[in-house]
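Tertiary structure, described
Listed here are the chains, written in short residue letters.
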Amino acid sequence: MKHLTPRFLAIFAAVFLCFLLVPPRAWAEEAGEYQIKAAFIYNFVQFTDWPASAFSSQDEPILLAVVGPDPFHGGLERAVKDKLIGGRSVAVRHFANPDSVDKCHVIFIPAAENGGRAALNRLAGKSVLTIGDGEDFTRAGGVIRFYREKNRIRFEINVKAADRGKLKISAKLLKLATIYEE
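Anyway, here's the lowdown on the structure attached to this text. (Residues numbered from 1 in each chain as written. Predicted model: local features only at pLDDT ≥ 70, side-chain atom pairs only at ≥ 80, totals over all residues. Heavy atoms only, no water.)

A word on the overall build of the protein. Check the secondary structure of the protein and you find seven helices and 10 strands. Going through the 182 residues of the protein one by one, you find that 42% of them count as buried. Of the contacts formed within the protein by residues at least 6 apart in sequence, a portion of 54% connects residues at least 24 apart. If you sum the accessible surface of the protein, you get close to 11100 Å²; carbon and sulfur atoms cover 58% of it. (Helix = DSSP H or I, 4+ residues; strand = E, 2+ residues; numbered from the N terminus. Buried < 20%, exposed > 50% of the residue type's maximum accessible area, 1.4 Å probe, protein only. Contact = heavy atoms within 4.5 Å. Areas by Shrake-Rupley, 256 points an atom, 1.4 Å probe, with all protein chains shown as cover.)

Moving on: the pairing of strand β6 (residues 129-132). For a regular strand, the rule is simple: side chains alternate between the two faces of the sheet. Burial of β6 is two-sided: the residues Leu129 and Ile131 facing one way and the residues Thr130 and Gly132 facing the other way are all buried. Across four bridges, strand β5 (residues 106-109) lies against β6 in parallel orientation. Each residue of the ladder has a partner; that of valine 106, found in β6, is leucine 129. The handedness of the β5 to β6 crossover, carried by helix α5 (residues 116-123), is right-handed. Where β6 meets strand β7 (residues 144-149), two bridges bridge the pair, whose relative direction is parallel. Bridge pairing in β7 places isoleucine 131 opposite isoleucine 144. (Pairing = 2+ DSSP bridges. Right-handed = clockwise from strand over helix to strand, strands pointing away.)

Attention now goes to the pairing of β7. One ladder, built from six bridges, connects β7 with strand β8 (residues 152-157); its direction is antiparallel. The partner of glutamate 149 across the bridge, within β8, is arginine 152.

Turning to the side chain of histidine 105, a few remarks are in order. Summarising the element assignment, histidine 105 is placed in the loop between β4 (88-95) and β5. At 3.0 Å, the side chain of histidine 105 and the backbone oxygen of alanine 54 are in polar contact. When residues no more than four places from it in sequence are discounted, the contact partners of histidine 105 are Trp50, Ala54, Phe55, Glu60, Pro61, Ile62, Leu63, Ser127, Val128 and Leu129. (Polar contact = N/O pair within 3.5 Å; in protein donor to acceptor, adjacent residues only side chain to side chain.)

Our next topic: α5. Turning to α5, its buried residues number three or more, namely Gly116, Ala119, Leu120 and Leu123. What you see down the axis of α5 is that its buried residues fit within an arc of 100°, all on one side. Elements that come into contact with the buried residues of α5 comprise β5 and β6. (Arc of directions from axis to C-beta.)

The next thing to look at is the sheet that holds strand β10 (residues 178-179). Spatial ordering of the open sheet is given by β3-β4-β2-β5-β6-β7-β8-β10, a layout of eight strands whose pairing is mixed. Each edge of the open sheet is held by one strand with a lone partner, namely β3 (84-85) and β10. Packed onto the sheet, α5 meets β5 and β6 and runs at close to 160° relative to β5. (Axes fitted to C-alpha atoms, helices over the stretch in contact; angles between N-to-C directions.)

Glancing now at the environment of lysine 160. Looking at the element boundaries, lysine 160 is found in helix α6 (residues 159-164). Lysine 160 sits in the partly exposed class, given a relative accessible area of 45%. Separated by 21 residues in the primary sequence, lysine 160 and glutamate 181 place their C-alpha atoms 8.2 Å from one another.

Don't take any of this as a statement about function, it's just geometry.
Structure, rendered in structure tokens:
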């Protein structure tokens, strides 16, 4: 090991540190689109009020459901971990399909999820903040839809769908949204 000069060790250490500091591809992807959407969803929940009848007790958590495979890769759980909204904790649950969702206050239905339209029909008029990223999500009765515009994530709100569910969305949030007109 006499050939390991201080210069070689310094170069080796620098290269090794680069591997530690540069995240693997999976980590980089995790910081992508769905991490941004997770942060948006947390804020949507903060700026939405549900009627008292939507909760069975004063300390019932806000239940946020994700349908299908988790596109957030745990990012939604990290976004709401240890946070209180209106004095309530937030719990995230995952469901294989939209038919099994019950007693949720917020539901995220990815564009690729089959049965999303049926779930929206079943949830119409209920106090559930429905969020999705399918092309016709708000047209089908969803409350908030993510979309891309010039490489940015934007969102539109179907105010009438929110009203039917007796959800009150803050004017601050409405100012940032595109309003979907039925």
